[in-house]
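Summary of structural features
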Amino acid sequence: MKRFSIGVLLDSFRLSPSEAMRRAAALGAEGIQVYATRGELAPENMDAQKRRDFRTLAQDCGLTISALCGDLGRDFGCREQNAELIERSKRILDLAQDLGTNVVTTHIGLIPLDETCERYRIMQEACGELARYADSMDAHFAIETGPDISLTLRQFLDSLHSTGVAVNFDPANIAMVTGEDLVTAVRTLAPYIVHTHAKDGVMLHYRGPAFVYGGEHPSGGGDEIAFREVPLGEGSVRWPEYLGALESIGYHGFLTIEREVGENPEADIGKAVSFLQKLV
């Protein structure tokens, strides 16, 4: 069995989707993930023909669509806005199915440590509805790691009694924000991992998830104070141990390269593809 497949988050190229797709294929990627929350790839802007054309373009480039990104930039802790967020999330999952993938990655916001508080219940209700919808399609809304320690996320997911809401494992977010041991985190979240990001970084100062993801820092304060994203292989992620942990739990899916910073993302992506190819 093949260990892993290598993908690229298409938006990392900062090019048009079609051009970025061709560049990804030229660099040796096997798959792509794309944002589907805005612009030409948002569900409302993709009629049936455009969906067929996009899927065909990926196939012609020899690429699999590993996942869509459905992060709408707001969390699921506010009951008044959840109806809209849930409806939009469902339409993104519909689009994912039409494009040939069953994974939509997202952020849901910070999960409260107090399971009895109102925000926790609101998030449970929203994610429960999303899980039921995903289950009906044999699909997954995959929460990205980083905002919560793995045990908190695992307990929240267990409370939904479903894998319709699952995990997109991003090792760099954990290394940069919580500092948790990656092997432990993989084992804790093992039943729910359906997709991963390949990213690297270093923690400069511990600020905690609430600082980074919850905005609990002084006005004008930047997240760069807490951490720095770096090219793959140059950060704190111990890749052989991390990939070994993924393999030990039976994960053989995509390692999808995400590069959010840097002056030459294409060069960084190319180096990342080569780096992963040597490992897998």
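Since the model is a prediction, treat every value here as computed from it, not as a measurement.

Turning to the packing of aromatic side chains, a few remarks are in order. Summed over the entire model, instances satisfying the criterion amount to 5 aromatic pairs. These aromatic residues form a ring-pair network of at least three members: Phe169, Trp239, Tyr242 and Phe275. The ring centre of Tyr35 lies 4.8 Å from the NZ or CZ of Arg38, which sits over that ring.

Now for the state of the cysteines. Counted according to the given criterion, the structure contains 0 disulfides. There is no disulfide at Cys69, and the cysteine sulfur nearest it, in Cys127, is 15 Å away.

What follows deals with helix α1 (residues 17-26). Looking at α1, one finds that the buried residues are Pro17, Ala20, Met21 and Ala24. An end-on view of α1 places all buried positions within 105° of arc, on one side of the element. Looking at the buried positions of α1, the neighbouring elements they touch are β2 (31-35) and α2 (48-60). Two residues or fewer after α1 comes Gly28, characterised by a positive phi angle close to 100°.

Considering the arrangement of structural elements, one finds Lys199 in the loop between β7 (193-198) and β8 (200-203). Within the structure, the side chain of Lys199 is placed 3.2 Å from the side chain of Asp170, a separation counted as a polar contact. For Lys199, the side chain forms a polar contact with the side chain of Asn173, separated by 2.9 Å. With near-sequence residues (within four places) excluded, Lys199 lies in contact with Glu144, Asp170, Pro171, Ala172, Asn173, Met176, Glu229, Leu232, Val237, Trp239, Glu258 and Glu260.

Here we come to the sheet that holds β7. Read around the closed barrel, the 8 strands follow the order β1-β2-β3-β4-β5-β6-β7-β10; overall the barrel is parallel. In this sheet, neighbouring strand axes are inclined to one another by 30° on average, regardless of whether the strands run parallel or antiparallel. Summarising the sheet, strand β6 (residues 165-169) and β7 pair through 3 bridges and their orientation is parallel. When the bridges of β7 are listed, Phe169 appears paired with Thr196.

Let's shift gears to the pairing of strand β1 (residues 5-9). Most of β1 sits inside the fold, with 5 of its 5 residues counted as buried. Judged by which residues are buried, β1 turns out to be covered on both faces: Ser5, Gly7 and Leu9 on one side and Ile6 and Val8 on the other are all buried. Here β1 pairs with strand β10 (residues 254-257) via 4 bridges, running parallel. Opposite Ile6, over in β10, you have Leu255 as the bridge partner. With α1 bridging β1 and its parallel neighbour β2, the resulting β-α-β unit is right-handed.

The next thing to look at is helix α3 (residues 79-99). Between its first and last C-alpha atoms α3 spans 30 Å; for 21 residues at 1.5 Å apiece the expected length is 30 Å, and the two agree. The set of residues buried in α3 consists of Gln81, Asn82, Leu85, Ile86, Ser89, Lys90, Ile92, Leu93, Leu95, Ala96 and Leu99. Tucked into the core, α3 has its buried residues touching α2, β3 (64-69), β4 (103-106), α4 (118-135) and β5 (140-144). Backbone geometry just downstream of α3 places Gly100 in the positive-phi region, at approximately 95°.

Okay, the environment of Gly128 next. Looking at where Gly128 falls in the secondary structure, it is placed in helix α4. On a C-alpha basis, the gap between Gly128 and Val165 in space is 7.9 Å, while along the polypeptide they are 37 residues apart.

Our focus in this paragraph is the pattern of salt bridges. One pass over the full model with this rule turns up 20 salt bridges. Of the charged contacts in the structure, one is a salt bridge between Glu19 and Arg22, with a shortest N-O distance of 3.6 Å. Remark: Arg22 and Glu19 occur in helix α1; sequence separation between them is 3 residues, near one turn of the helix. For Glu19, a relative accessible area of 25% puts it in the partly exposed group. Between Arg51 and Asp98 there is a salt bridge, with its nearest N and O atoms 2.8 Å apart. With Arg51 in helix α2 and Asp98 in helix α3, the pair connects residues that are 47 residues apart, well separated along the chain. Here the salt bridges share partners, and the residues they tie into one network are Glu19, Arg22, Arg23 and Glu266.

Of all the 6 residues making up β3, 5 are buried; the element is thus mostly covered by neighbouring parts of the structure. Pairing between β2 and β3: 5 bridges, direction parallel. Note on β3: the bridge partner recorded for Tyr35 is Cys69. Relative to β4, β3 runs parallel, the two sharing 2 bridges. Following the sheet pairing, Leu68 is matched in β4 by Val104. Regarding topology, α3 serves as the crossover connection from β3 to the parallel β4, and that connection is right-handed.

Criteria and thresholds
Residues numbered from 1 in each chain as written. Predicted model: local features only at pLDDT ≥ 70, side-chain atom pairs only at ≥ 80, totals over all residues. Heavy atoms only, no water. Phe/Tyr/Trp six-rings, centres within 6.5 Å; stacked < 30°, edge-to-face > 60°. Lys NZ or Arg CZ within 6 Å of the ring centre and 35° of its normal. Disulfide = S-S within 2.5 Å. Buried < 20%, exposed > 50% of the residue type's maximum accessible area, 1.4 Å probe, protein only. Helix = DSSP H or I, 4+ residues; strand = E, 2+ residues; numbered from the N terminus. Arc of directions from axis to C-beta. Contact = heavy atoms within 4.5 Å. Polar contact = N/O pair within 3.5 Å; in protein donor to acceptor, adjacent residues only side chain to side chain. Pairing = 2+ DSSP bridges. Axes fitted to C-alpha atoms, helices over the stretch in contact; angles between N-to-C directions. Right-handed = clockwise from strand over helix to strand, strands pointing away. Expected span 1.5 Å × (residues − 1). Salt bridge = Lys/Arg side-chain N within 4 Å of Asp/Glu carboxyl O.

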